[in-house]
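# Close look at the chain arrangement
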Amino acid sequence: ALHCPHLLCQKMLGATTFQLCRVVASWYPNTNLNKVPWVFVAWPTEPLLRIVKGSIPPAFGVDITPVFWLAIFTFINEILLGQQGLLTMKLKYGI
């Protein structure tokens, strides 16, 4: 089981999960993001995607902005909360 006691860890896990679902939805261009269950994925992710949507062109006709945010969240998670992350080292060694 995944052990994620800290609020920041839980938030990062949630953001990563939503973006991953949004990546899957982007593979199917006919997906209606205004219908259940996709509306629960689109609602929290759309504000972030709107920020960079005009800056990142589609690749092979597929919107890759969810992949961009997934990479950002994964990077931040690893830097802060990974096995040798900054917050992990601070809690573990009191640095």
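So, here's what we can say about the structure. (Residues numbered from 1 in each chain as written. Predicted model: local features only at pLDDT ≥ 70, side-chain atom pairs only at ≥ 80, totals over all residues. Heavy atoms only, no water.)

### Quick notes on the packing of aromatic side chains
Throughout the structure, instances matching the rule amount to 2 aromatic pairs. Centre to centre, the rings of Phe68 and Trp69 are 5.4 Å apart; their planes meet at 75°, and the pair counts as edge-to-face. When the centroid spacing of 5.9 Å and the interplanar angle of 35° are considered together, the rings of Trp69 and Phe73 count as tilted. One end of the pair is Trp69 and the other is Phe73, both in helix α3 (residues 65–81) and 4 residues apart, which spans about a single turn. Classification of Trp69 by relative accessible area gives buried; the value is 13%. Put simply, the rings of Phe68, Trp69 and Phe73 pair up and form one aromatic cluster. (Phe/Tyr/Trp six-rings, centres within 6.5 Å; stacked < 30°, edge-to-face > 60°. Helix = DSSP H or I, 4+ residues; strand = E, 2+ residues; numbered from the N terminus. Buried < 20%, exposed > 50% of the residue type's maximum accessible area, 1.4 Å probe, protein only.)

### Quick notes on a nonpolar patch on the surface
A surface patch of nonpolar side chains, about 380 Å² in accessible area, is lined by Phe75, Ile76, Ile79 and Leu86. Broken down by element, the nonpolar patch gets its largest block of residues, 3 residues, from α3. Judged by relative accessible area, which is 57%, Leu86 ranks as exposed. (Patch = residues over 30% accessible without salt bridge, like charges linked within 9 Å, V, L, I, M, F, W, Y side chains within 5 Å. Areas by Shrake-Rupley, 256 points an atom, 1.4 Å probe, with all protein chains shown as cover. Salt bridge = Lys/Arg side-chain N within 4 Å of Asp/Glu carboxyl O.)

Keep in mind these numbers describe shape, not what the thing actually does.
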